[in-house]
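Spelled out from the first residue to the last, the chains are:
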Amino acid sequence: MPEEAAALKSLVQELKDTIHQQSELILRLQEALEASQRECQELQEKADAEKWTLLSSHSERISQLEAQNRNLRCEQDQCAATVQRLRQELDASGATVLSLSRQLRGEQQAHAHHGAFSLESVKGSAKWLRFYTGFDEYPRLAAFLDFLLERKGQEGSPGSSPHSALSPDNQLFLVLVRLRLGLLLQDLAFRFHISESTASRYWLSWMEFMEQRLRQIPVACSQRYVDAHKPQRLIQHHGISLIALDCAELFFEAQGQTRGTDVHQGPRAHYSVHGYALAAPSGFLTFGAGTGEELPVLPPFLQAGPVELTTQQEMAKRQVLSFRSLTDKAFSFRILRAVHPQNMEGQVSRAWIISCYLACLLHEPMGLA
């Protein structure tokens, strides 16, 4: 410390000035701090205001979204209920449609059975059954159908399709009616309430199948009756001497070049094809039509020597005692009496074969009954 008063006074003055400056500095710092605190307070208030604004806005948006979600859930529940109801109505409608379809199908079938020409409409009458089929009673016709379909699973067997317009017995009935009466396919299609193409398919398939099955029936004939029949001709087939016995003439329209023996001139020129029986030394015979140059598929019974039959074949065996009577009975199937187009030669030849076998089946022994 200075001892002099002037120095001491000067020092005190300097201290006062320093204190004053520091006081002013502190005051300014306090003012700056207060200003900073106020600014900070304002920013805090502004941040709080913005926070509450955002929270309020978000809360409102969240409330809206929750409300929309509730509405969507409600609509979804309503849609699910509607879908369930519609499904139930659809199931009920489907069941109704199915029931009505079955009812309609039943009515159509009943109407078809009532209005269409069918075996059911004649099988109760021996007179009409004989007129349309040649069979005098329905059990014999049913047994014949069972014989034909005995090997139903074999290739080419008709009547086995579940989608056929006619049952197997009515398909056979259609074929027998055409054989018996010689009706046109258009007529049969109209009578049976089917298309002409369907009638044609039944006719061709059953005729081929019937020929195959009927050739398995042994038909015997005495050599005395074979020798007595005229005209006849000898045919050699695989070392077997077969005798072709001409029994009938089948007539066809002559169209250009024909394959018949004679062409008869007139307003409608026609030619004939021979229907014949083919006898073997074994004492059995089969049937065919044509010139004999192309022989049919021969049954196993046509051999050069004796043939031993099985028990079943022996029971099915038929015997011909008169070829004239056989021809008359075969021509009770009127399809053989007409003059047919040339393109039906194969069908009519097959009809002759089948008619001969049917004559043997329906009249036993052939020639006496």
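Residues numbered from 1 in each chain as written. Predicted model: local features only at pLDDT ≥ 70, side-chain atom pairs only at ≥ 80, totals over all residues. Heavy atoms only, no water.

*Asks:* Would you mind going over the overall build of the protein with me for this structure?
*Replies:* When helices and strands are counted, the protein shows 10 helices and 7 strands. Counting every atom, the protein has about 22800 Å² of accessible surface; 53% of that belongs to carbon and sulfur. (Helix = DSSP H or I, 4+ residues; strand = E, 2+ residues; numbered from the N terminus. Areas by Shrake-Rupley, 256 points an atom, 1.4 Å probe, with all protein chains shown as cover.)

*Asks:* I keep staring at the layout of surface pockets and nothing clicks. Help me out?
*Replies:* Over the atoms, a rolled probe matching the size of one water molecule traces out where space is still vacant. By volume, the largest pocket is sized at about 580 Å³. Surrounding the largest pocket, 22 residues form its lining, F147, I217, A316, R318 and L361 being those nearest its centre. Mapped onto the lining of the largest pocket, the elements with two or more residues apiece are α3 (138–148), α8 (311–316) and α10 (345–362). The greatest single-element share of the lining of the largest pocket, amounting to 5 residues, is contributed by α3. For the lining of the largest pocket, the class distribution of residues is 12 nonpolar, 4 polar and 6 charged. (1 Å grid on protein atoms, 1.4 Å probe; cavity = no way out; pocket = protein on both sides within 12 Å on 5 of 7 lines; lining within 4 Å. Points joined across faces, edges and corners; volume = space filled by probe spheres on them. Nonpolar A, V, L, I, M, F, W, Y, C, P; charged D, E, K, R; others polar.)

*Asks:* Would you mind showing me how to read the nonpolar core here?
*Replies:* Most often, soluble globular proteins keep nonpolar side chains buried together rather than apart. In terms of nonpolar packing, the biggest core is built from 72 residues, with F144, L179, F287, F323 and W352 touching the most fellow members. The residues contacting F323, other than those within four sequence positions of it, are C221, Y225, V226, H229, L245, C247, A277 and L285. (Core = buried A, V, L, I, M, F, W, Y, C linked by side-chain atoms within 4.5 Å. Buried < 20%, exposed > 50% of the residue type's maximum accessible area, 1.4 Å probe, protein only. Contact = heavy atoms within 4.5 Å.)

*Asks:* What exactly am I supposed to notice about the state of the cysteines here?
*Replies:* Where two cysteines share a covalent bond between their sulfur atoms, that bond is called a disulfide. Applying the stated criterion across every chain yields a total of 0 disulfides. No disulfide involves C221; its nearest neighbouring cysteine sulfur is the one of C360, lying 9.6 Å away. Assessed through its relative accessible area of 9%, C221 is described here as buried. Not part of a disulfide, C360 finds its nearest cysteine sulfur in C356, a span of 7.0 Å. On the basis of relative accessible area, C360 is assigned to the buried category, the value being 1%. (Disulfide = S-S within 2.5 Å.)

*Asks:* So what exactly am I meant to see when it comes to the side chain of R213 here?
*Replies:* Within the secondary structure, R213 is located in helix α6 (residues 196–214). A distance of 3.1 Å separates the side chain of R213 from the side chain of E150, its partner in a polar contact. (Polar contact = N/O pair within 3.5 Å; in protein donor to acceptor, adjacent residues only side chain to side chain.)

*Asks:* What am I meant to see in empty space enclosed by the protein here?
*Replies:* Taken as a whole and judged by the stated rule, the model has 1 cavity of 30 Å³ or more. Taken together, L119, Y138, L141, A142, L145, D169, L172, F173 and L176 make up the lining of the largest cavity. Going through the elements one at a time, α3 and α4 (168–181) are the ones with two or more residues in the lining of the largest cavity. Taken together, the residues that form the lining of the largest cavity break down as 8 nonpolar, no polar and 1 charged.

*Asks:* How should the pattern of salt bridges be read in this particular structure?
*Replies:* In the structure shown here, the tally under the stated rule is 8 salt bridges. Close ionic contact of E89 with R85 constitutes a salt bridge, the shortest N to O distance being 3.1 Å. Placement of the pair is E89 and R85 together in helix α1 (residues 5–115), with a separation of 4 residues, close to one helical turn. One salt bridge in this structure joins R140 and D136, with 3.8 Å as the shortest N-O distance. By sharing partners, the salt bridges in this structure join E211, R215 and R350 into a single network. (Salt bridge = Lys/Arg side-chain N within 4 Å of Asp/Glu carboxyl O.)

*Asks:* Help me out: how do you make sense of the packing of helix α2 (residues 126–133) against α4 in this one?
*Replies:* Two quantities define a packed helix pair, namely the angle between the axes and the distance from one axis to the other. Where α2 meets α4, the axes come as close as 6 Å, and the angle between the chain directions of the two elements is 75 degrees. Taken as axis vectors, α2 and α4 run roughly perpendicular relative to one another. Contacts between α2 and α4 involve R130, F131, Y132 and T133 from the first element and F173, L176, V177, R180 and L181 from the second. Of the residues contributing to the contact of α2 with α4, the split by class is 6 nonpolar, 1 polar and 2 charged. (Axes fitted to C-alpha atoms, helices over the stretch in contact; angles between N-to-C directions. Parallel < 35°, antiparallel > 145°, perpendicular 65-115°, else oblique.)

*Asks:* Explain the packing of α3 against α6 here, please?
*Replies:* The interhelical angle for the contact between α3 and α6, taken along N-to-C directions, is 85 degrees, at an axis separation of 10 Å. By the criterion of interaxial angle, the relationship of α3 to α6 is roughly perpendicular. Where α3 abuts α6, its residues F144, L145, F147 and L148 lie against W206, F209, M210, R213 and L214. In terms of residue class, the contact of α3 with α6 is made up of 8 nonpolar, no polar and 1 charged.

*Asks:* Help me understand the packing of aromatic side chains, please; the structure alone is not making it clear to me.
*Replies:* How two aromatic rings sit relative to each other is given by the distance of their centres and the angle of their planes. The full count for this structure, using the stated rule, is 14 aromatic pairs. Here F117 and F192 contribute two aromatic rings whose centre-to-centre distance is 5.4 Å and whose plane-to-plane angle is 70 degrees, an arrangement assigned as edge-to-face. Taken together, the residues F117 in the loop between α1 and α2 and F192 in helix α5 (residues 185–192) connect sequence positions 75 residues apart. Taking the relative accessible area as the measure of exposure, F192 reaches 3% and is therefore buried. The rings of F117, W128, F131, Y132, F173 and F192 are connected pair by pair, giving a single aromatic cluster. (Phe/Tyr/Trp six-rings, centres within 6.5 Å; stacked < 30°, edge-to-face > 60°.)

*Asks:* What should I look at first to understand α4 in this one?
*Replies:* Because each turn of an α-helix spans 3.6 residues, side chains separated by three or four positions in sequence point in the same direction. Along its 14 residues, α4 runs 20 Å from first to last C-alpha, staying within 8% of the 20 Å computed at 1.5 Å per residue. Counting buried positions over the 14 residues of α4 gives 13, a clear majority of the element. Just past α4, the residue G182 takes up positive phi, approximately 70 degrees. (Expected span 1.5 Å × (residues − 1).)

*Asks:* Looking at this model, I keep getting lost on the confidence of the model for the protein. Mind explaining?
*Replies:* For residues with low pLDDT, the predicted coordinates do not support detailed interpretation. Counting all residues, the mean pLDDT for the protein is 86, and 88% of those residues have values of 70 or more. In the model of the protein, strand β4 (residues 263–264) stands out as the element of lowest mean pLDDT, 59, in contrast to α4, which has the highest, 97. (pLDDT = per-residue confidence, 0-100.)

*Asks:* Where do I start with the pairing of strand β6 (residues 284–289) in this structure?
*Replies:* Regular strands place their side chains on alternate faces of the sheet. A large share of β6 lies buried, amounting to 6 of its 6 residues. The alternating pattern of β6 places F284, T286 and G288 on one face and L285, F287 and A289 on the opposite face, and all of these are buried. Note: strand β1 (residues 219–221) against β6, 2 bridges, orientation antiparallel. For V219, the partnering residue across the bridge sits in β6 and is L285. (Pairing = 2+ DSSP bridges.)

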